[in-house]
Amino acid sequence: MFYRRGYIGKKNPYLHSACIIKIYVFKSIICCEARKGVNLNKKIVFYLFIFSVIERFCLPPDAKVTYKDATGTEVDAEIFSDLIGQGNVVLTVFSDNEFSDSLSYISEKSDASNSSSASTVILDEVPNKRQRKEDTSALSAKQLVEDVLKLKSGSEAVLQEYQETETLTDATRRQMINTLVAHMIDTHGQLPTKAIREQYALGIVMLFPSLRDPYSKKGYEHFYDAASNTGYIAWRMKTVHRKIRRGSLLLDSPHDISQGGPKCQRATNFEGQLDGDACREAMSLLSHTTDKSLIFQKMRETFQHRQKLVKDPGSSADILSTFPRFLDTKGLVDQDFTLLFDAETSSRLLQKWDTFFRPNVIKEAKQLTSTAELSQLLLSAECPEGSDLHETIYDQEMASLLLLIHLLPPPPGGLKSPKISACDAAERLVVFHKSCCSLEEHLKNNQRQHPYLLAVGRQKSKIDHFYITLDKHLIPCQANRSLGAFDELFKAHFVFNLCYDSALVNFYTFLQTTVYNIDVGKMKESPRVRDLRARVLNQTVTLT
């Protein structure tokens, strides 16, 4: 919030002494129903008050200005002095100028002890006090971060990299966080308050706007989220404290604030839903009919009942035997997902991935440390449509999805679930199966608890059929392309009330919130997810 402060002195030809107008002018003032405090000397003449108003609001000298009191009665020079003598009088000023509709003045009775001829106009924008305070805090936070990075040896590279690329690599971001946390601890002690940590996080996104997460409430939660005590700043502080206290964590452990995801309870009140005997008759008919249109109709009419079953731990395991049509009728997963949300949500991945997200994922993946697997995926993801690929490489759609796993690798594991690599995590998303091999044998040896894609074909680059593998059953995918098949796999988590694979939780969460826009602001997200979203959504890449 910017303001200008000054004194305007004008000689009154009808008075022996000068009349001094003290004005505080805020740049954001709009001359429309703005309350102003005015302390006027009783001797001030009406025309001088008019002059003060015109000059204060930069109105033309010939502007037509009228004044009305609280009752709506127009005030002229004759009654003006009587009104202000009463004290606490509100005058509303109307102007025909295009920049001003109306403004209000509060006239306070002059103090008897104040016998000077000076008049003070106090211009204070009360409704904007909070906004001014927030803007000032944001500018202060930005300046703080900038000063730290400029003064700390070696940190100038952070500012330089952002200036050249409008983003920060993972290595540079870690260097920035380490520098800021070290300064925070040196300045505020080993346990800075949440307000201090938020100040540094706010300063980061103010100084580096493209790092702001547009889908989060404040935009900087991936750097520090006070509600869950997570984010890059919190992580770094915990690391520092572990080194100081030999593993003893001084900060509170993050708690799960997630209120979204596949297992979230959602309203499923739809018209035309069957219950009781009618529902049982429809389910019986579904087990025998081969009419595809009738299958889709009865599955739609029993959707609400099916959602109750998948939410019930006692019956969810038998959902495929209760509704066996999932196993031989393509498109039912997509229909249930569309009923659960809407057609627009259901189509977002297929509409946005190739045109926006795939090129940006490729761009980000090129910043990662190169490996043989990563180079192979990049080669495949950038291949023009229709190009001949090596038989061991997936097509560009699947390759770009696997690149996203490398950008959002599995989170740190524990004693029961050790951390795995991004390559191993990719095997939990899609498994290639040669068409000449037995599908039954594959299902027999399958011990996985979470759904995944089974890509069946002669080679990886030419898949004939996709299946969703779930509880040793195969659900045929309606799509014959990688992206469409994965779209159905993602939707199966919501249709059957399934948790994400722990190794792919960051990967799925990014797609859920950033691409499908499901449970934005409700879903618990890691700083990596928020950081990548900020990078992707704040850049534009032309698809070649």
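Up top is the structure.
The shown structure was predicted, so the numbers you read here are calculated from the model rather than taken from an experiment. (Residues numbered from 1 in each chain as written. Predicted model: local features only at pLDDT ≥ 70, side-chain atom pairs only at ≥ 80, totals over all residues. Heavy atoms only, no water.)

## As for the packing of aromatic side chains
The tally for this structure, following the rule as stated, stands at 18 aromatic pairs. Where F490 meets Y500, the ring centres are 6.5 Å apart and the plane angle is 25 degrees; that geometry is what we call stacked. Taken together, the residues F490 in helix 18 (residues 482-495) and Y500 in the loop between helix 18 and helix 19 (505-515) connect sequence positions 10 residues apart. Y500 matches F490 in its accessibility class, with the two residues each being buried. (Phe/Tyr/Trp six-rings, centres within 6.5 Å; stacked < 30°, edge-to-face > 60°. Helix = DSSP H or I, 4+ residues; strand = E, 2+ residues; numbered from the N terminus. Buried < 20%, exposed > 50% of the residue type's maximum accessible area, 1.4 Å probe, protein only.)

## Details of the sheet that holds strand 10 (residues 462-470)
Sheets are built from strands paired through backbone hydrogen bonds, the pairs being either parallel or antiparallel. Pairing is mixed across the open sheet formed by four strands, whose spatial order is 8-9-10-11. Looking at which strands have only one partner, the edges of the open sheet turn out to be strand 8 (430-434) and strand 11 (473-476). Ignoring which end each strand starts from, the neighbouring axes of this sheet average 35 degrees apart. As paired elements, strand 8 and strand 9 (residues 452-459) share five bridges and run parallel to each other. Residue pairing in the sheet places V430 in a bridge with L453 of strand 9. (Pairing = 2+ DSSP bridges. Axes fitted to C-alpha atoms, helices over the stretch in contact; angles between N-to-C directions.)

## Some points on the environment of Q163
Checked against the element boundaries, Q163 lands in helix 4 (residues 156-165). Distance from Q163 to F208, taken between C-alpha atoms, is 9.2 Å for residues 45 residues apart in sequence.

## Re the side chain of T230
Note that T230 resides in the loop between helix 6 (194-207) and helix 7 (232-245). Here T230 falls in the buried class, since its relative accessible area comes to 9%. A distance of 2.7 Å separates polar atoms of two side chains, one belonging to T230 and the other to S228. (Polar contact = N/O pair within 3.5 Å; in protein donor to acceptor, adjacent residues only side chain to side chain.)

## What to know about helix 14 (residues 372-381)
When we look at burial in helix 14, the residues that qualify are L374, L377, L378, S380 and A381. For helix 14, the angular spread of buried residues about the axis comes to 165 degrees, placing them on one side. The exposed residues of helix 14 that point more than 90 degrees off its buried face are A372 and L379. Buried residues along helix 14 sit in contact with helix 13 (343-365) and helix 15 (396-407). (Arc of directions from axis to C-beta. Contact = heavy atoms within 4.5 Å.)

## Looking at the pattern of salt bridges
All told, the structure shown has 23 salt bridges when counted by the stated rule. The residue R530 makes a salt bridge to E525 at a minimum N-O spacing of 3.6 Å. An identical accessibility class is assigned to R530 and E525; each is buried. The structure contains a network of salt bridges with shared partners spanning D170, R173, E364, D531 and R535. (Salt bridge = Lys/Arg side-chain N within 4 Å of Asp/Glu carboxyl O.)

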